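Understanding the architecture of this molecule
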Amino acid sequence: IADAVRDASYIQESVPERLDIKQRVFAEIQHYCREDTVLGSSTSGFKPSELQAGSKRAEQIIVCHPFNPVYLLPLVEMVPSDETAPHILEATKRMLSAVGFYPLHVKNEIDAHIADRLLEATSPHGPRPLRHPWSRFRRPCTYPFSLQLLCATHVLSLGDKPCDERQEAGTEFD
């Protein structure tokens with residue numbers, strides 16, 4: 001791991017969805033990586049503050065949760081915590097944009113992620129409350145933004161109308 005991460009600018013963690021494993025992996029990476037390296041996590045359910053707990057440099061870790069399928073919908077939810085350094089957030093936006101993703105900055109930690117909630121809500125099995133499928137979460141989440149903003153790549157449609165708005169990288173949501 002030392003040789004792989006020593007000079008990396010961005011590292012995306014995608015290990016199994018167990019907090020203890022993710023924290024162990026981050027600890028090992030942080031032992032060898034630079035202090036300005038972005039450590040993104042593709043977690044499907046952990047908040048950044050949970051991933052950062054007990055870490056050597058909490059400010060490096062940010063959730064970068066991709067929408068699926070990535071080849072059709074290159075959107076990534078960026079979810080920082082209060083501990084995430086501003087320069088890490090800006091570097092994450094810049095690097096994701098440089099490789100063709102549209103980073104969506106979710107300003108507040110929430111249970112589950114927007115992509116998972118939208119997938120659940122639009123399931124072909126019928127409408128359901130916007131709850132995470134694992135039922136770990138107690139309350140529905142409402143979104144104070146237009147779903148049309150999530151159609152940044154023109155590949156989704158809402159009803160019979162195609163999305164005609166294109167958002168710049170780094171769109172922010174409360």
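This structure is a prediction, so every number in the text was calculated from the model and none was measured.

**What about the confidence of the model for the chain?**
Taken as a whole, the chain shows an average pLDDT of 78; of its residues, 68% reach a score of 70 or greater. Across the chain, element-level confidence peaks in strand β2 (residues 38-41) with a mean pLDDT of 98 and bottoms out in strand β6 (residues 157-158) with 36. pLDDT under 50 marks residues 126-149. Its contacts with residues more than four places away, or in other chains, come to 43 contacts. Low confidence marks residues 151-170, where pLDDT is under 50. Its contacts with residues over four positions away, or in another chain, come to 40 contacts.

**Considerations on helix α2 (residues 19-32)**
For α2, built from 14 residues, the straight-helix expectation of 20 Å at 1.5 Å per residue is met to within 8% by its first-to-last C-alpha distance of 21 Å. Within α2 the residues assigned to the buried category are I21, K22, F26, I29 and Q30. On an axial view of α2, the arc spanned by its buried residues comes to 165°, and they lie on one face. Across from the buried face of α2, at angles greater than 90 degrees, the exposed residues are R24 and H31. In this fold, the buried residues of α2 make contact with α1 (2-5), β1 (10-13), β2, α3 (48-52) and β3 (61-66).

**Some details on the pairing of β3**
Of all six residues in β3, five are buried, a share of seventy percent or more. Sheet topology note: the β2/β3 ladder contains three bridges and is parallel. Within the sheet, the bridge partner assigned to G40 lies in β3 and is I62. Bridging between β3 and strand β4 (residues 75-79) involves four bridges; their strand directions are antiparallel. Paired with C64 across the strands is M78, a residue of β4.

**Comments concerning the nonpolar core**
Judged by nonpolar contacts, the single largest core of 21 residues is most densely connected at I11, I29, C33, L39, L51, F67 and L75. Apart from the residues lying within four places of it in its own chain, the contact partners of L39 are I11, F26, I29, Q30, C33, Q60, I61 and I62. One finds I62, V76, M78 and L89 within the second-largest nonpolar core, a separate group that totals 10 residues.

**Observations regarding the side chain of S41**
On the secondary structure map, S41 appears in strand β2. Since its relative accessible area comes to 0%, S41 is described here as buried. Separated by 3.2 Å, the side chain of S41 and the backbone nitrogen of T43 make a polar contact. Non-local contacts of S41, meaning those with residues more than four positions away in its chain, are made with Q12, E13, K22, F26, L51, I62, V63, C64 and H65.

The rules behind the values
Residues numbered from 1 in each chain as written. Predicted model: local features only at pLDDT ≥ 70, side-chain atom pairs only at ≥ 80, totals over all residues. Heavy atoms only, no water. pLDDT = per-residue confidence, 0-100. Helix = DSSP H or I, 4+ residues; strand = E, 2+ residues; numbered from the N terminus. Contact = heavy atoms within 4.5 Å. Expected span 1.5 Å × (residues − 1). Buried < 20%, exposed > 50% of the residue type's maximum accessible area, 1.4 Å probe, protein only. Arc of directions from axis to C-beta. Pairing = 2+ DSSP bridges. Core = buried A, V, L, I, M, F, W, Y, C linked by side-chain atoms within 4.5 Å. Polar contact = N/O pair within 3.5 Å; in protein donor to acceptor, adjacent residues only side chain to side chain.

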